[in-house]
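This is what each chain is made of:
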Amino acid sequence: MAEQNPTVPGPLPPDAFQPLSGSHEIQAITRPSLSYWQDAWLRLKANRRALFSLYLVIGLLLFTFFGPVVWTVDPSLQDLDQISQAPGADRTVSLVDGYQPWYGEEPVDGSGQGLRFVGEPTTQHVRLKWDAIAGAGEYRVYRTPYSIGPELAFGLPLKETTDTYFEDLLDLRPQNYYYTLVVLDEYGRETDQYQTIEGELSRVITLAEARNRGMLGADETAPLGTEFTLKLHPLGTDYLGRDM
């Protein structure tokens, strides 16, 4: 019996000569086709922060273009009675007499010791009076909106005088002020003698100013102490009193 050689292949089956059947995948659209802007909008809606930023930009644009139509106040017009006012600040103002020069007169019942106010301190004027101090060559008056601490920062020097009175008319605002009287020696040097007084200034307006602002008619009058409301500035005013 002859042995078969393992390296020689045997006969092939008949189906080995059948042709192969090929197959391939064909691309197909699985979702609707989107334009560039449609796809961008879908991506934007999925990002909440980006969507909020878009609405914010749109709001700013609307405010920029339509704000001057709604709020017609001239932005260059100065309101000197409302300088550097924050939104929602008190806009009440009281009617007072027109300004009259003052030379240190004091009511009979207004005498007192030390540094004191003569009359009510207002945005029209602040009048100070004090008693003569022995050994004083001159007096120097300071003003500051901050309380006087141990560092003795008295603030803005207003005047040096030999008189025993002083009237402050410089850029007065409706806020709290501290006035300090410092004694100077005969050589003009500050001594360690000083007096401080604190006062809250009320905002006032004269009859002529009220008429100019349209709060009263040209021939209309009102009793002293009548309160008015100054013009509204929803976003406040800047350092020159201009509407923001």
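So, a few notes on the structure that sits alongside this text. (Residues numbered from 1 in each chain as written. Predicted model: local features only at pLDDT ≥ 70, side-chain atom pairs only at ≥ 80, totals over all residues. Heavy atoms only, no water.)

**Regarding the sheet that holds strand β9 (residues 204-206)**
The line we're drawing: Strands qualify as paired when DSSP identifies two bridges or more between them. Only DSSP runs of H or I reaching four residues or more are called helices, and only runs of E reaching two or more are called strands; each is numbered from the N terminus. Fitted lines through C-alpha atoms give the axes, limited to the stretch in contact for helices. The angle between two N-to-C directions lies from 0 to 180 degrees.
With mixed pairing, the three strands of this open sheet are ordered in space as β9-β1-β10. Of all strands in the sheet, those with a lone pairing partner are β9 and β10 (227-229), marking the two edges. Neighbouring strand axes in the sheet, compared pairwise and without regard to direction, differ in orientation by 45° on average. Taken together, the three bridges between strand β1 (residues 92-96) and β9 define a ladder with parallel strand orientation. Paired with Leu-95 across the two strands is Ile-205, which belongs to β9.

**Structural notes on the nonpolar core**
The test is simple: We define a nonpolar core as any set of buried Ala, Val, Leu, Ile, Met, Phe, Trp, Tyr and Cys residues linked to one another through side-chain atoms lying within 4.5 Å. When a residue's accessible area, from a 1.4 Å probe over protein chains only, is under 20% of the maximum for its type it is buried; when over 50% it is exposed; and in between it is partly exposed.
Leu-128, Trp-130, Val-141 and Tyr-179 are the most contacted members of the largest nonpolar core, which totals 15 residues. Breaking this core down by element, the ones donating at least two residues are β3 (126-129), β4 (138-144) and β7 (176-184).

**Let's talk about helix α2 (residues 48-70)**
Residues spaced three or four apart along an α-helix point in a common direction, a consequence of the helix completing one turn every 3.6 residues. For clarity, the cut-off: One less than the number of residues in a helix, times 1.5 Å, gives the span that helix is expected to have. Bend is computed residue by residue as the angle between axes fitted to the seven residues ending at the residue and the seven residues starting at it. Counted as a polar contact is a pair of N or O atoms within 3.5 Å, where, for protein atoms, one must be capable of donating a hydrogen and the other of accepting one, and residues adjacent in sequence contribute only when both atoms are in side chains.
For α2, which comprises 23 residues, the first-to-last C-alpha distance of 31 Å matches the rise-based estimate of 33 Å (1.5 Å per residue) to within 8%. The largest bend in α2 is about 35°, located at Thr-64, with the proline Pro-68 one to four residues further on. Burial analysis of α2 places just two of its 23 residues in the buried class, a small minority of the element. Between the side-chain oxygen at the start of α2 and the backbone nitrogen of Arg-49 there is a gap of 3.3 Å, and the oxygen is on Asn-47.

**Here's the deal with the pattern of salt bridges**
Quick reminder of the rule: What counts as a salt bridge is simple: a side-chain nitrogen of Lys or Arg found within 4 Å of a carboxyl oxygen of Asp or Glu.
Taken as a whole and assessed by the stated rule, the structure comprises 10 salt bridges. The partner of Arg-43 in a salt bridge is Asp-39, and the shortest N-O contact between them spans 2.8 Å. With a gap of four residues between them, Arg-43 and Asp-39 both fall in helix α1 (residues 36-46), about one helical turn apart. Arg-43 gets classed as exposed once you look at its relative accessible area, which sits at 59%. Residue class for Asp-39 comes out partly exposed when judged on its relative accessible area of 26%. Two residues, Arg-127 and Glu-167, come together in a salt bridge whose shortest N-O distance is 2.9 Å. Taken as a pair, Arg-127 in strand β3 and Glu-167 in strand β6 (residues 165-168) lie far apart in primary sequence, 40 residues in all.

**Concerning the layout of surface pockets**
Here is the rule we go by: Computed over the protein atoms alone on a 1 Å grid, cavities are sets of points where a 1.4 Å probe fits but cannot get out and pockets are open sets with protein on both sides within 12 Å along at least five of seven lines; a residue lines them when it has an atom within 4 Å of a point. Grid points are joined across faces, edges and corners, and a volume is the space filled by probe spheres set on the points. Each residue is assigned to one of three groups, with Ala, Val, Leu, Ile, Met, Phe, Trp, Tyr, Cys and Pro labelled nonpolar, Asp, Glu, Lys and Arg labelled charged, and all others, Gly among them, labelled polar.
When its volume is computed, the largest pocket comes out at roughly 370 Å³. Contributing to the lining of the largest pocket are 18 residues, with Leu-80, Asp-81, Thr-123, Gln-124 and Leu-172 lying nearest its centre. With three residues, β9 is the largest single contributor of residues to the lining of the largest pocket. Each residue belonging to the lining of the largest pocket can be placed in one class, and the counts come to eight nonpolar, five polar and five charged. Quantified by volume, the second largest pocket comes out at close to 310 Å³. Forming the walls of the second largest pocket are Phe-63, Gly-67, Pro-68, Val-70, Trp-71, Val-73, Asp-74, Pro-75, Pro-234, Leu-235, Asp-243 and Met-244. Its residues assigned to classes, the lining of the second largest pocket comprises nine nonpolar, one polar and two charged.

Shape is all these values report; function is a separate question.
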